[in-house]
Amino acid sequence: MKVAITGLSNSGKTTVFNALTGLNSDTTIYPTISGEPNIGVVKVPDPEIDTLSGIYMPKKTTYATIEYLDYIGLTKGDFKQNRKVFDLIKDVDTIVHVVRTFSDESVVHPLESINPVRDIETLELELVFADLALVETRLERMEDGKKRGKKPDESERKLLLKCRDFLMQETALRDVEFTTEEMKAMSQLQFVSSIPKVIVLNTGERDGDTEDAQTLEAALLNRYPAAHTIALCGKIEMEIAQLPEDEKGPFLEELGIKEPAANRLIQICYKILGLISFVTVGDDEVRAWTIRSKTNTVTAAGKIHSDIERGFIRAEVISYSDFMKSGDMHTAREKGLLRLEGKTYEVQDGDIINFRFNV
Ligand SMILES: Nc1nc2c(ncn2[C@@H]2O[C@H](COP(=O)(O)OP(=O)(O)OP(=O)(O)O)[C@@H](O)[C@H]2O)c(=O)[nH]1
Ligand SMILES: [Mg+2]
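Residues numbered from 1 in each chain as written. Chains lettered and ligands numbered in written order. Predicted model: local features only at pLDDT ≥ 70, side-chain atom pairs only at ≥ 80, totals over all residues. Heavy atoms only, no water.

**Let's talk about the pattern of salt bridges**
- Evaluation of the coordinates by the stated rule reveals 20 salt bridges.
- Of the charged contacts in the structure, one is a salt bridge between Asp-87 and Arg-83, with a shortest N-O distance of 3.2 Å. Residue Asp-87 and its partner Arg-83 are located together in helix α3 (residues 79–89), separated by 4 residues, close to a single helical turn.
- Judged by its relative accessible area of 39%, Asp-87 is partly exposed.
- When the shortest N-O distance is used, the salt bridge between Glu-143 and Lys-146 registers 3.8 Å. On the criterion of helical spacing, the pair formed by Glu-143 and Lys-146 is a turn pair, its members being 3 residues apart in helix α4 (residues 116–147).
- Relative accessible area serves as the criterion here: at 43%, Lys-146 is assigned to the partly exposed category.
- Here the salt bridges do not stand alone but share partners, grouping Lys-60, Glu-285 and Arg-287 into one network. (Salt bridge = Lys/Arg side-chain N within 4 Å of Asp/Glu carboxyl O. Helix = DSSP H or I, 4+ residues; strand = E, 2+ residues; numbered from the N terminus. Buried < 20%, exposed > 50% of the residue type's maximum accessible area, 1.4 Å probe, protein only.)

**Quick look at the side chain of Asn-202**
- By the secondary structure assignment, Asn-202 is in strand β6 (residues 197–202).
- Not counting residues up to four positions away in its chain, the partners in contact with Asn-202 are Ser-11, Gly-12, Val-16, Val-98, Val-99, Arg-100, Thr-101, Phe-102, Leu-232, Cys-233 and Gly-234. (Contact = heavy atoms within 4.5 Å.)

**Some thoughts on the site of ligand 1**
- If you check the shell around ligand 1, you find 22 residues, and the closest are Lys-13, Thr-14, Thr-15, Thr-32 and Glu-205.
- In the model, an oxygen atom of ligand 1 is placed 2.7 Å from a nitrogen or oxygen of the Lys-13 side chain.
- Its free accessible area being 640 Å², ligand 1 has 95% of it covered by the protein chains.
- Contributing elements (two or more residues each) for the shell around ligand 1: α1 (13–21) and α8 (234–242).
- Take the shell around ligand 1: its biggest share by element is 3 residues, from α1.
- Classifying every residue of the shell around ligand 1 gives 6 nonpolar, 12 polar and 4 charged. (Near = heavy atom within 4 Å. Polar contact = N/O pair within 3.5 Å; in protein donor to acceptor, adjacent residues only side chain to side chain. Areas by Shrake-Rupley, 256 points an atom, 1.4 Å probe, with all protein chains shown as cover. Nonpolar A, V, L, I, M, F, W, Y, C, P; charged D, E, K, R; others polar.)

**Concerning a nonpolar patch on the surface**
- Judged by side-chain polarity, Ile-29, Tyr-30 and Val-108 come together as a nonpolar surface patch covering roughly 300 Å² of accessible area.
- Locating Ile-29 in the fold gives a position in the loop between α1 and β2 (38–43).
- Judged by its relative accessible area of 38%, Ile-29 falls in the partly exposed class. (Patch = residues over 30% accessible without salt bridge, like charges linked within 9 Å, V, L, I, M, F, W, Y side chains within 5 Å.)

**Examining unusual backbone geometry**
- Positive phi values are uncommon outside glycine, yet Asn-10 reaches one of about 65 degrees.
- For Asn-10, the location among the structural elements is in the loop between β1 (2–7) and α1.
- A relative accessible area of 11% means that Asn-10 is categorised as buried.
- Look at Met-57: it is not a glycine, yet its phi comes out positive at around 45 degrees.
- With respect to the element layout, Met-57 can be found in the loop between α2 (47–56) and β3 (60–62).
- When its relative accessible area of 65% is taken as the criterion, Met-57 is described as exposed.

**Let's talk about the environment of Leu-134**
- The residue Leu-134 is located in helix α4 in this model.
- Each C-alpha atom, one on Leu-134 and one on Lys-271, is 29 Å from the other, the two residues being 137 residues apart in sequence.
- What Leu-134 contacts, discounting residues up to four positions off in sequence, is Arg-83, Leu-189, Gln-190 and Phe-191.

**Section: the domain arrangement of the protein**
- For the protein, the domain assignment lists domain 1 (2–272) and domain 2 (294–357).
- Placing a centre on the C-alpha atoms of domain 1 and another on those of domain 2 gives a separation of 34 Å.
- Residue-level contacts link 5 residues of domain 1 with 7 residues of domain 2.
- When the two sides are added together, the surface that domain 1 and domain 2 hide from each other amounts to roughly 490 Å², 72% of it contributed by carbon and sulfur.
- It is Glu-48, Leu-52 and Tyr-56 that lose the most area in domain 1 upon contact with domain 2, and together they represent 69% of the buried surface on that side.
- On the surface where domain 1 and domain 2 come into contact, there are 0 salt bridges.
- On the surface where domain 1 and domain 2 come into contact, there are 1 residue pair in polar contact (both at pLDDT 80 or more).
- Classifying every residue of the side of domain 1 that touches domain 2 gives 3 nonpolar, 1 polar and 1 charged. (Domains from an automatic or database assignment. Buried area = accessible area lost by both parts, 1.4 Å probe.)

Pasting the structure below:
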């Protein structure tokens, strides 16, 4: 899964990126306007994989991963600069909008005051405007083609006009209902306002800042029921992420933080994308595989290898809890807890699967 961290300049994107990845990229009090994007890959924490790995003692344990991208900020009304950002992030699975709520005189705010709701609306509009420009360009190209005698793709034209109507009303495409066919066509068009979004309120570290952010979070939920918002203090979370593993727990406890923001954010992304994972086990490798919920066994098999999908015969499936009741696969089989499933079985979160195939 790929996640892009965006936001206005100086909102704390790189700080949040460091908090999520445990890396230590430079954060500055001045806006970054050029340079290479920061990229960080992190393991998705998975206690079930930890346990299974402890049981199988495999040569290799592989967790699901998330790739985070952090780049320059979005600028209000700067179409050219923003296009650079959108070109980089147009194929990500989720956009994380970092919104500044911390006050700090030494850090310039590009819009000169702290106003999270205004910033959220500004960012949303930049996505909408970028898509509107994309639609206009495509429609123009279609018109040009028509003049040269090329027959326009009517279904695409209809879809573009539908998108344009909504975008003109400043509605992001993720809030629009599309048919399955339209969705398929949409994926080729590389819109950015259709990408699922999480709002991260980057709060200050002073007493009361967290409470203020929680109040704002509740207000945002009223205003944008479909938005997913989490509040976190980038600066503190970044410090936590830099600590050695065994020091994190006590530090979190001291601060009264139940779970690091990095983990909370991953859970939200999984939820909004409707992702689940299944597991393969063995002496060589214990491994988590990420799929969309409602995926059938054959498609899940294809995630591992196209040969397994092509030659699929059956899947031996056991839920994690049934496996734990038995302790090992042999006992599970004897107890009849290991099920044989065909092509149409809908894989459940945490299923342990062994695919039988023939190529
Ligand atoms: N007080 C406070 N300062 C923060 C917080 N998060 C970030 N900052 C500071 O704000 C400044 C900008 O942070 P960055 O993480 O570099 O922001 P950015 O969005 O990546 O900025 P650009 O890449 O330049 O657009 C740095 O000096 C950070 O230390 C926070 O939660 N509290
Ligand atoms: Mg930055």
